[in-house]
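Structural overview for review
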Amino acid sequence: MFHPHVLILPVGSSVDFPNRDNTQHHVYSFSPAKTFNLELYANRLEAPVVFDQPGIVELGCNIHDHMQAFIVVANTRAIGQTNEQGEVTIALDFGDAQVPGSLNLNIWHPRLPDNTKPVVREITAASLTNAGIETVSIELTPEPSLEGPMNNLQKRFQNL
């Protein structure tokens, strides 16, 4: 499995894809924000991958279909990831500039109906509570069931 399942980082960041088991993996992405292909490897380091364009990058493994992860590449440093309660705090620093009347908040989740792009919500100064808090809701597809019929390979390993 990829760990973490979702990684959020600013444009220009690089990511290592270490293989910490003895199974060969073939990591790839065909996403418009970053296309790459790390050939079969085990116990050897590949060069880090630089994510130089904003967007959603979906990762996969040609050998293990269940391996999937996402990298969200943002062109801002005002980014964050929600906690288990679905909450995130994003500190905004405008320096000496005037605070804008509204901001666009880009929200992404692997279970969005179209997870190839974020959902955009406008946040206005008038909509914030006195504590500077805004509540935003989004619709997600149901959590996929992990239960189901086992394939022949899984059945073979279950009996070991």
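Residues numbered from 1 in each chain as written. Predicted model: local features only at pLDDT ≥ 70, side-chain atom pairs only at ≥ 80, totals over all residues. Heavy atoms only, no water.

Structurally, Ile56 is set in strand β6 (residues 55-61). Along the chain, Ile56 and Ser31 lie 25 residues apart, while their C-alpha atoms are 7.2 Å from each other. Leave out the neighbours within four places in its chain, and Ile56 touches Ser31, Ala33, Phe70, Ile71, Val72, Trp108, Asn115, Thr116 and Lys117. (Helix = DSSP H or I, 4+ residues; strand = E, 2+ residues; numbered from the N terminus. Contact = heavy atoms within 4.5 Å.)

Before going further, it helps to examine the pattern of salt bridges. Per the stated rule, a full pass over the model turns up two salt bridges. Across the salt bridge formed by Lys34 and Asp52, the nearest N and O atoms sit 3.9 Å from each other. Of this pair, Lys34 sits in strand β4 (residues 34-41) while Asp52 is found in the loop between β5 (49-51) and β6, placing the two residues 18 residues apart along the sequence. In this structure Asp52 comes out as partly exposed when scored by relative accessible area, which is 45%. We note a salt bridge from Lys117 to Asp114, for which the minimum N-O separation is 3.8 Å. Overall, Lys117 belongs to the partly exposed group, its relative accessible area being 49%. What makes Asp114 partly exposed here is its relative accessible area of 35%. (Salt bridge = Lys/Arg side-chain N within 4 Å of Asp/Glu carboxyl O. Buried < 20%, exposed > 50% of the residue type's maximum accessible area, 1.4 Å probe, protein only.)

This paragraph deals with the packing of aromatic side chains. How two aromatic rings sit relative to each other is given by the distance of their centres and the angle of their planes. Applying the stated criterion across every chain yields a total of four aromatic pairs. Ring centres of Phe36 and Phe51 lie 6.1 Å apart, and the angle between their planes is 85°; this geometry places the pair in the edge-to-face category. Taken together, the positions of Phe36 in strand β4 and Phe51 in strand β5 put the pair 15 residues apart, joining distant regions of the chain. Each member of the pair Phe36 and Phe51 is classed as buried. Measuring from ring centre to ring centre gives 5.1 Å for Phe70 and Trp108, while their planes differ by 55°; the resulting arrangement is tilted. Placement of Phe70 in strand β7 (residues 68-74) and of Trp108 in the loop between β8 (102-107) and β9 (119-124) is noted, with a sequence separation of 38 residues between them. Members of the aromatic cluster, each reached through a chain of ring pairs, are Phe17, Phe36 and Phe51. (Phe/Tyr/Trp six-rings, centres within 6.5 Å; stacked < 30°, edge-to-face > 60°.)

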